[in-house]
Amino acid sequence: MLRTDPWPLLYGNILRVGNLQSNVGIATLWTERDVVKSFFNPKDYCVIGNLYAAAGVNHIIRNVFANPNIRYIVLWGADMSQSGHAFLKFMQNGVDKEYYFKDARGQIEKEIPQEAIETFRKNVEVIDMRGRKTEDLVGVVKKLKPKEPFYDKPTIFPPATSQVSTFSSEQVGFRVESDFVAKTWLKILNLISRYGRVEKTRYASNNQLKEILNLTAIITDEDPEKEYFPHYLPFGINELKAYYPELLTRRRIPGTAYNYGARLRDMNGLDQISEIKKLLKRRPFSKKLAMFTYDLKNDFKKLDESDTPCLTQVLGRVEDGKFILTAHFRSQDMFHGWPRNAFALRKLQKEIADYAGFPMGQLCLITHSAHMYADDWNLAKELVEQNWWSEFKWKPPFYRYNDPRGNWIIEFDREATDCKTPFNLPAPATWVLKSSLIHHGGGRLKRSGSHDSPGVDIKGKIILKLFTPDMQTLLAQFEGRTAKEVFWQVADLDYMFRHDHSFSLGEELAKAEIALRLGLEFEIDKPLDLKHRYKRIKSRSKRMKK
């Protein structure tokens, strides 16, 4: 037999199979495969399937070698992610030593030998029918001349390998934030690579994805007219510009299950974006600035048959004089889809804000199923390792980010004999960790009537004050004799926002306690003068010896 049994080797549950003796495979890119299937008699083709991303070229190669009857791949449909462009470049130019496509973004799995790659490029003809009419597609397929198989038996390559590890974490509710889309995306890749739980999917070669639930991603400063576009993004700037109309215009590409722009600007004859713009201008503080992409009458009838919108709703709100946009996704491919969506939503945010005369605030994307397919795990890991420190490197002494919850000041009262809580309740006894139970996520706490350092009589108290970011208004005050007494009040009442600020505040409180115990001068962000203290101790020791 000239093919594996069963065949297709990969994605047999979603590919549309016709005549297994046929030489023709049809890649419909982002156009619905069942729409294309309806154009043909099943005897005219071997298989029809989508090609959403360049990674899918690997799966085409594997399926073709498992059935070497296939000698033609016809590209037709909406090339929304430029996967068709990447496939053509691969066929024209091949790959480099690291298996990356030349002159395009994509990579062949190293389990597929270079010899096999060249055999595929030499014996399989890829026919570019993108942008052509339906009748042209049908005519070309029907006229293709039969060819002999390029191999006399099927070939199966070893499956792609990737090391999977998942750190323990919360199960629901994650958050990332950065100034630009690209940098926020790097944080997302890092988060899912580390904490994503491995789940099943029919859209990856090994039927696996890594997923975190309910991810909130915030972009603060992206200029939609001058995108920050570093080299590590998984597509080119021209590919991004080609994607923008899918969300920003009502243009509907025939054969696609949906377009966000068409749903937002022309669903059942309603232009939601136009109505929201007028409402925002008319009533700037309205909480009804909501747009929806689900067509409840039709989408729920075909949940098992077709794709439904991943973007479900877009919400707007004016706060502090700025227009904030929030987009909710039921599901999102965070490697390929998320950055495209984020760039386009930022442009939509500016369009709405400009119409009503507001500056842009933050852009927030909330994704229920935030996932990466197994085919992208290794590349995501490489991108994070290669680019993280150049984007987020700590640069002392300039590692300062404003905390939106305020700024902290630490003071002393060296003569105090009592302490107060923020609610003027009795000061809490010191919290102490049971040493026998200290482990990740499981340190049990008990109250102790004594301080952490038995036998040390601490006179005075540490006073921690929280001010508004402009330092004009005192928001809260915490008191304690030790750093731990103060910090636990702050932690229990959830006053901290940034992890780096929590570490910094803990460091400063520890220094404050040392200064209080040893009678040293204390100033935030400056080291303690322990040398002076050492000289005093040394001098006292000499006097005692005499």
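The structure under discussion appears in the preceding block.
A short tour of the structure in this document, coming up. All of these numbers come straight from a predicted model, not from anything done at the bench. Residue positions are counted from 1 within each chain, in the order its sequence is given. It should be noted that, the model being predicted, local features are given only for residues of pLDDT at least 70 and side-chain atom pairs only at 80 or more, the latter also being counted only at that level, while totals for whole chains, interfaces and linings use all residues. The side-chain quantities take in all heavy atoms of the structure and omit both hydrogens and water.

### Some points on the overall build of the protein chain
Here is step 1 of the chain: We count a stretch as a helix when DSSP gives it H or I for four or more residues in a row; a strand needs E for two or more, and each element gets its number in order from the N terminus. Assigned secondary structure in the protein chain consists of 15 helices and 17 strands.
Here is step 2 of the chain: Any residue under 20% of the maximum accessible area for its type is buried, any over 50% is exposed, and the rest in between are partly exposed; the area is computed with a 1.4 Å probe on protein chains only. Taking all 546 residues of the protein chain together, the buried fraction comes to 48%.
Here is step 3 of the chain: Residues count as neighbours in contact if any of their non-hydrogen atoms are within 4.5 Å of one another. Of the contacts made within the protein chain by residues no fewer than 6 positions apart, 67% connect residues no fewer than 24 positions apart.
Here is step 4 of the chain: Method for areas: the Shrake-Rupley scheme with a 1.4 Å probe, in which residue coverage is limited to the protein chains shown. Total accessible area on the protein chain stands at roughly 28800 Å², and carbon and sulfur atoms take up 52% of it.

### Describing the environment of Asp525
Here is step 1 of the chain: Relative to the assigned elements, Asp525 resides in the loop between α14 (499-518) and α15 (530-545).
Here is step 2 of the chain: Residues Asp525 and Lys511 lie 14 residues apart in sequence; the distance between their C-alpha atoms is 9.7 Å.

### Here we look at the pattern of salt bridges
One side chain can pair with another of opposite charge once the charged atoms of both are near each other.
Here is step 1 of the chain: Note on definitions: salt bridges are taken to be side-chain nitrogens of Lys or Arg within 4 Å of carboxyl oxygens of Asp or Glu. By the definition in use, this model includes 26 salt bridges.
Here is step 2 of the chain: As a salt-bridge pair, Glu239 and Arg340 come within 4.0 Å of each other at their nearest N and O atoms. One end of the pair, Glu239, is in helix α7 (residues 237-248); the other, Arg340, is in helix α11 (residues 337-356), and 101 residues separate them in sequence. For the pair shown, Glu239 and Arg340 are each scored as buried.
Here is step 3 of the chain: Sharing partners across several salt bridges, the network here consists of Lys43, Asp44 and Lys142.

### Notes on helix α2 (residues 56-66)
Here is step 1 of the chain: The buried fraction of α2 is high, at eleven of eleven residues.
Here is step 2 of the chain: For α2, the full list of buried residues reads Gly56, Val57, Asn58, His59, Ile60, Ile61, Arg62, Asn63, Val64, Phe65 and Ala66.
Here is step 3 of the chain: Buried residues along α2 sit against β4 (72-75), α3 (83-93) and α4 (114-123).

### Comments concerning the sheet that holds strand β16 (residues 461-467)
Here is step 1 of the chain: Ordered by their spatial adjacency, three strands build an open sheet running β13-β16-β17, and the pairing between neighbours is antiparallel. Both outer strands of the open sheet, β13 (407-413) and β17 (474-480), are each paired with one neighbouring strand and no more. The average undirected angle you get between the axes of adjacent strands in this sheet is 20 degrees.
Here is step 2 of the chain: Summarising the sheet, β16 and β17 pair through six bridges and their orientation is antiparallel. Paired strands, in this sense, are two strands between which DSSP finds at least two bridges. Inter-axis angles, ranging from 0 to 180 degrees, are taken between N-to-C directions of lines fitted to C-alpha atoms, where helices are fitted over the stretch in contact.

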